[in-house]
Amino acid sequence: MAQFVTLEEAKSLPFWRRPVALLFLMATAMPIAFSVWVLLLNNFVIEVAKFDGFDISLLHFVREIPGFLAVGVIAIIMFMREQVLGLVSLILLGAATALTAQFPEIGGILVLTMLSSIGFHYYETVNQSLQLQWLKIEDAPRMLGWLMAAGSFATIMAYLLIINTWEYFDLSYNFVYMTAGAITLLIAVFAMIAYPQFEAPTPQNKRMVLRKRYWLYYALQFIAGGRRQIFMIFAGFMMVEKFGFDVHEVGQLYLINLVVSMVAAPVMGRVVARFGERRALGFEYLGLVAVFVCYGGVYYFSWGFAIAAALYVIDHVFFALALALKTYFQKIADPADIAPTAAVAFTINHISAVALPLPLGLLWLAAPAGVFIFAAAMAATSFCLAMMIPRHPAPGNETIFARPIPQAAE
């Protein structure tokens, strides 16, 4: 029988059984399956399934559909607790990842991509909600940075194993996918058994929530989805298609990326806490404009792979500042809106993520540099929107145009 514990009561539990410990355990479990899937994906689909630019765009289109349908989480949490849903989603992600190489044709790859994506996106939706419910507002930027660092550390360990054993032991895609998926699955099952059910102080609304005062958060999420998708699809694909990177070479690039991110993420958390969401997001978006323009230069002017690799690392570091978008919402939200808005925001985020891959895949076939220039324009738009965030966001003070709600006289 499940044990229910309030966040206040959880303080008396051993540290490893507290809510924050569970967040860290989940933060390390998810990347083991997902990041290994990403690491091997481009080489797997090019070498085994003979994908071209349009095929990889189709795969990512399918992968983003569950994110577009993340609003379905609201219906599920009417009869399943968020904590349970998050762990069940991890189990699905692990199982689908484990089976990926069993079906090397495009049809099988797309089906398993859909299943793993359901697990990934539903986990991410619930995980964001639990983070904002379980972490105090004053601690959230710092703790979110450390959670990102924990995920990077888990991915580093997985990548080190792959880099050092891939050629030496002549590993197969099937073996690596099976191992990574099984580890994530087993960690999720352990967490299901070992942890009590934590009760947040504010019951969550179990219906769709769309509030006019959250419009700026919705707009930033919408653009972020498309911009992130361009990076996810085309930055890594470029390394394999244009520069011929092998699995261990892609792994080395990802490893450098992760080490830098692991160090940078806690720093970014402190930056957000010190300078606020507007400045942090503004800095991120300006940096991304420069990075995407330079990506275009890599193709148009045939710059070398070293510049492309450096841009890839810098790109990922800037994305660490995206935690400021979470803390911005935490500060302006009604506490009861966190779970349903996390689901709605994921759907909004994935409207552009679902709409863009196919047309950009066609653009890639004609003019690869144009894809990155389009991404730079999206980042510039995000910068303009971020400048509308007030220095001290709060309910009633969501944008610089809002009139703060007058406080009642005592």
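Residues numbered from 1 in each chain as written. Predicted model: local features only at pLDDT ≥ 70, side-chain atom pairs only at ≥ 80, totals over all residues. Heavy atoms only, no water.

**Considering the overall build of the protein**
To be explicit about the condition: Helix and strand labels come from DSSP, where a helix needs a run of H or I of at least four residues and a strand needs a run of E of at least two; each type is numbered from the N terminus. In this setup the radius of gyration rests on C-alpha atoms only. A globule is expected at 2.2 Å times the number of residues raised to 0.38. Each residue is placed in one exposure class: buried if its accessible area under a 1.4 Å probe, protein chains only, is under 20% of its type's maximum, exposed if it is over 50%, and partly exposed if it falls in between. The contact criterion used is simple: two residues touch if any of their non-hydrogen atoms lie within 4.5 Å. Using a 1.4 Å probe, the Shrake-Rupley method yields the accessible areas, and only the shown protein chains count as cover for residues. Counted charges follow a simple rule, with Lys and Arg positive, Asp and Glu negative, and His plus the chain ends left uncounted. A charge is said to be at NZ when it belongs to Lys, at CZ for Arg, at CG for Asp and at CD for Glu.
Check the secondary structure of the protein and you find 15 helices and two strands. Radius of gyration (C-alpha) of the protein: 21 Å, near the 22 Å computed for a compact globule of 410 residues. Its C-alpha atoms put the protein at 70 × 50 × 35 Å along the principal axes. Within the protein, the fraction of its 410 residues that count as buried is 58%. Once local pairs closer than 6 in sequence are excluded, the contacts in the protein between residues at least 24 apart make up 87%. Working note: accessible area of the protein is about 17000 Å², and carbon and sulfur atoms make up 70% of it. Between the mean site of the 24 positive side-chain charges and the mean site of the 24 negative ones, the protein shows a separation of 12 Å.

**What about the packing of helix α6 (residues 140-165) against helix α12 (residues 323-332)?**
Two measures define how a pair of helices packs: the angle their axes make with one another and the distance between the axes. We count it as follows: Between the N-to-C directions of two axes lies an angle of 0 to 180 degrees, each axis being a line fitted to C-alpha atoms and, for a helix, fitted only over the stretch in contact. A crossing counts as left-handed when the near helix is turned anticlockwise from the far one by less than a right angle, and as right-handed when that turn is clockwise. Any residue that is not Ala, Val, Leu, Ile, Met, Phe, Trp, Tyr, Cys, Pro, Asp, Glu, Lys or Arg is counted as polar, Gly included; the first ten are nonpolar and the last four charged.
For the pair α6 and α12, interaxial distance at closest approach is 10 Å and the crossing angle is 145 degrees. Handedness of the α6/α12 crossing: right-handed. Here α6 contributes Ala140, Pro141, Leu144, Gly145 and Met148 to the contact with α12, which in turn contributes Leu323, Lys326, Thr327 and Gln330. When grouped by side-chain class, the residues that make up the contact of α6 with α12 number five nonpolar, three polar and one charged.

**As for the pattern of salt bridges**
Here is the rule we go by: The term salt bridge refers to a pairing of a side-chain nitrogen on Lys or Arg with a carboxyl oxygen on Asp or Glu at a separation within 4 Å.
Tallied over the entire structure, the rule returns seven salt bridges. Across the pair arginine 81 and glutamate 199 runs a salt bridge whose closest N-O atoms are separated by 3.4 Å. Of this pair, arginine 81 sits in the loop between α3 (73-76) and α4 (82-98) while glutamate 199 sits in strand β2 (residues 197-199); the two residues are 118 residues apart in sequence, bridging distant segments of the chain. A residue is classified by how much of its surface remains accessible, and arginine 81, at 28% relative accessible area, is partly exposed. A relative accessible area of 32% means that glutamate 199 is categorised as partly exposed. A salt bridge links arginine 142 to aspartate 139; its shortest N-O distance comes to 3.6 Å. On the basis of relative accessible area, arginine 142 is assigned to the partly exposed category, the value being 38%. According to the relative accessible area criterion, aspartate 139 is partly exposed, its value standing at 26%.

**Comments concerning a nonpolar patch on the surface**
Rule in force here: The residues that make up patches have over 30% relative accessible area and no salt bridge, and they are joined within 9 Å when like-charged or within 5 Å when they are Val, Leu, Ile, Met, Phe, Trp or Tyr.
Taken together, the side chains of Phe68, Leu69, Phe222 and Ile351 make up a nonpolar region of the molecular surface, amounting to roughly 330 Å² of accessible area. Within the fold, leucine 69 resides in the loop between α2 (53-68) and α3. Residue leucine 69 is classed as partly exposed on the basis of its relative accessible area, which comes to 44%.

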